[in-house]
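# Report on the structure
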Amino acid sequence: MSEKILVIGANGQIGTELVMALRNIHGAEAVVASDINSPTYAMRSSTGPFELVNVLDKDNLHHIFDKHRPTQVYLLAAILSAVGEQKPKMAWDLNMTGLLHILDFAVEFKVAKVFWPSSIAVFGPHSPQHHTPQYCVMDPNTVYGFSKLAGERWCEYYFNKYGLDVRSIRYPGLIGWKANPGGGTTDYAVHIFHQALKTGKYESFLAEGTALPMMYMDDAIRATISLMDAPAEKISIRSSYNLAGISFTPEQLAAEIQKLIPGFEISYSENDPRQAIADSWPKSIDDSYAQNDWGWQLEYDLPKMVADMLGNLKNII
Ligand code: VAH
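Residues numbered from 1 in each chain as written. Predicted model: local features only at pLDDT ≥ 70, side-chain atom pairs only at ≥ 80, totals over all residues. Heavy atoms only, no water.

Selection rule: UniProt positions are given in the numbering used here, feature names are shortened, and annotations may be inferred rather than shown by experiment.
Going by what an unreviewed UniProt entry lists, the chain is known as NAD-dependent epimerase/dehydratase family protein and is assigned to Mucilaginibacter celer. Quoted verbatim from the Sequence similarities (unreviewed entry) field of UniProt, the annotation for the chain is "Belongs to the NAD(P)-dependent epimerase/dehydratase family."

### Some details on unusual backbone geometry
To keep things clear, this is the line we draw: Only DSSP runs of H or I reaching four residues or more are called helices, and only runs of E reaching two or more are called strands; each is numbered from the N terminus.
The residue His 131 is not glycine, and still its phi comes out positive at about 50 degrees. Looking at the element boundaries, His 131 is found in the loop between strand S5 (113-119) and helix H6 (143-162). In this model, Asn 271 sits at a positive phi of 60 degrees, which is unusual for a non-glycine residue. For Asn 271, the position within the fold is in the loop between strand S12 (265-268) and helix H10 (274-279).

### Section: the site of the ligand
To be explicit about the condition: Here, proximity means that at least one heavy atom of the residue falls within 4 Å of the molecule or strand. N or O atoms closer than or at 3.5 Å make up a polar contact, with two conditions inside protein: a donor-capable atom paired with an acceptor-capable one, and, for residues adjacent in sequence, both atoms drawn from side chains. Areas reported as accessible are Shrake-Rupley estimates using a 1.4 Å probe. Residue values count occlusion only from the protein chains shown. In this analysis the probe radius is 1.4 Å and the grid spacing 1 Å, with only protein atoms considered; a cavity is a set of points the probe fits into but cannot get out of, a pocket is an open set with protein on both sides within 12 Å along at least five of seven lines, and lining residues have an atom within 4 Å of a point. Each molecule is checked against the cavity or pocket grid, and it sits inside if more than half of its atoms lie within 2 Å of the grid points.
As a matter of local geometry, the ligand sits amid Leu 80, Ser 81, Ser 119, Ile 120, Tyr 144, Tyr 171, Pro 172, Gly 173, Gly 184, Thr 185, Thr 186 and Trp 281. Thr 186 places a polar side-chain atom, nitrogen or oxygen, 3.0 Å from a nitrogen atom of the ligand. In isolation the ligand offers 280 Å² of accessible surface; the protein chains occlude 94% of this area. Cavity membership is defined here by more than half of the atoms lying within 2 Å of grid points; on that basis the ligand lies in the largest pocket.

### Observations regarding the packing of aromatic side chains
Filter applied, for reference: Stacked, tilted and edge-to-face pairs are distinguished by plane angle, under 30 degrees for stacked and over 60 for edge-to-face with tilted covering the rest, among Phe, Tyr and Trp rings (Trp via its six-membered ring) whose centres lie within 6.5 Å. Exposure classes here rest on a 1.4 Å probe applied to the protein chains alone. A residue is buried below 20% of its type maximum, exposed above 50%, and partly exposed in between. The rule for a charge over a ring is simple: NZ of Lys or CZ of Arg within 6 Å of the ring centre, and within 35 degrees of the ring normal.
One pass over the full model with this rule turns up 15 aromatic pairs. Geometrically, the ring pair formed by Tyr 74 and Phe 115 is tilted, given 5.8 Å between the ring centres and 40 degrees between the ring planes. Placement of the pair is Tyr 74 in strand S4 (residues 72-75) and Phe 115 in strand S5, with a sequence separation of 41 residues. Accessibility expressed as a relative area gives 2% for Tyr 74, which makes it buried. According to the relative accessible area criterion, Phe 115 is buried, its value standing at 0%. Grouped by ring-pair contacts, the aromatic residues Trp 154, Tyr 157, Tyr 158 and Tyr 162 constitute a single cluster. Seen from the ring of Phe 205, Arg 274 lies directly overhead, with NZ or CZ sitting 3.4 Å from the centre.

### Some remarks on the pairing of strand S9 (residues 212-216)
Looking down a regular strand, the side chains alternate between one sheet face and the other. Here is the rule: Only when DSSP finds a minimum of two bridges between them are two strands counted as paired.
Burial analysis of S9 places five of its five residues in the buried class, the great majority of the element. Side chains Leu 212, Met 214 and Tyr 216 project from S9 onto one buried face, and the interleaved Pro 213 and Met 215 project onto a second face that is buried too. As paired strands, strand S7 (residues 173-175) and S9 are joined by three bridges and run parallel to one another. Following the sheet pairing, Gly 173 is matched in S9 by Met 214. Across three bridges, the pairing between S9 and strand S11 (residues 246-248) is antiparallel. When the sheet's bridge partners are listed, Leu 212 is paired in S11 with Phe 248.

### A short note on the environment of Asp 35
Quick reminder of the rule: Note on definitions: a residue-residue contact is assigned when non-hydrogen atoms from the two residues lie within 4.5 Å.
Relative to the helices and strands, Asp 35 resides in strand S2 (residues 31-35). According to the relative accessible area criterion, Asp 35 is buried, its value standing at 9%. Between the C-alpha atoms of Asp 35 and Asn 11, which are 24 residues apart in sequence, the distance is 6.3 Å. Setting aside anything within four residues of it in sequence, one finds Asp 35 in contact with Gly 9, Ala 10, Asn 11, Gly 12, Phe 50, Glu 51, Leu 52 and Val 53. A distance of 3.0 Å separates a polar side-chain atom of Asp 35 from the backbone nitrogen of Asn 37.

Listed below in structure tokens is the structure:
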């Protein structure tokens, strides 16, 4: 059966690259890009259908599901950690009510598979911080974090109660060059590349020594598609899979950039509210379930990611 894939949040950091990757696999017309805002330049440059979608508007959503009858739905629309602390009720509403609308319409329209992104933000100050396991104490203290934790519970509930094949990944911080990050705590790890090329220096809003799990977008997109293509019987986790990536500190990232941009300088701002968020998150992740269930293997280490980021960004900055 031919696929018809609906990507909601197509203008975002993940959505932009996911639409391109899915269109390369399934063909442009098989992938409906959608967002609450009109298409970005990147989306306008990618051939294929685009729809305006508001995940909080049930009539709009019903119309889109009825018009396109998607076989797969990727719900990427969310408010991330930093913006979520500035707009807590809006973040909870979008991240939670938006997810529940999509889960209900996926059941109603018999969508074969649903993808929904979780995050390492579901862990909190009392979670093990090193090699954080799939199962452990989870006490997230950001709205974004506990909306993602609650969302994981809803995903597993819809699988068990309605048989909905919904799959999810706890993404680390994502780093890519095709689209800007969307207001998270890990955004520094993208901004630093732009500043390194533009000015040769960058003031990090996260302090020295702040190790966080990160991942190059190419790996994140490949993991997402690998998970969605895996046979259902291989999927043992119906909340959300840990995914490790590469853990590094701002100074370790800067040192790798300096190898390619000699003289690049990093400095550190103080008292940024995002520091407390980062301090509540794991420093590294155990993703053995993803490795064992659907054969996950990382491809980009820190040097390879830095080289690819700078190699691509230098042509567009
Ligand atoms: C954020 N980029 O910073 C997101 C991500 C692990 C971090 O979920 O909020």
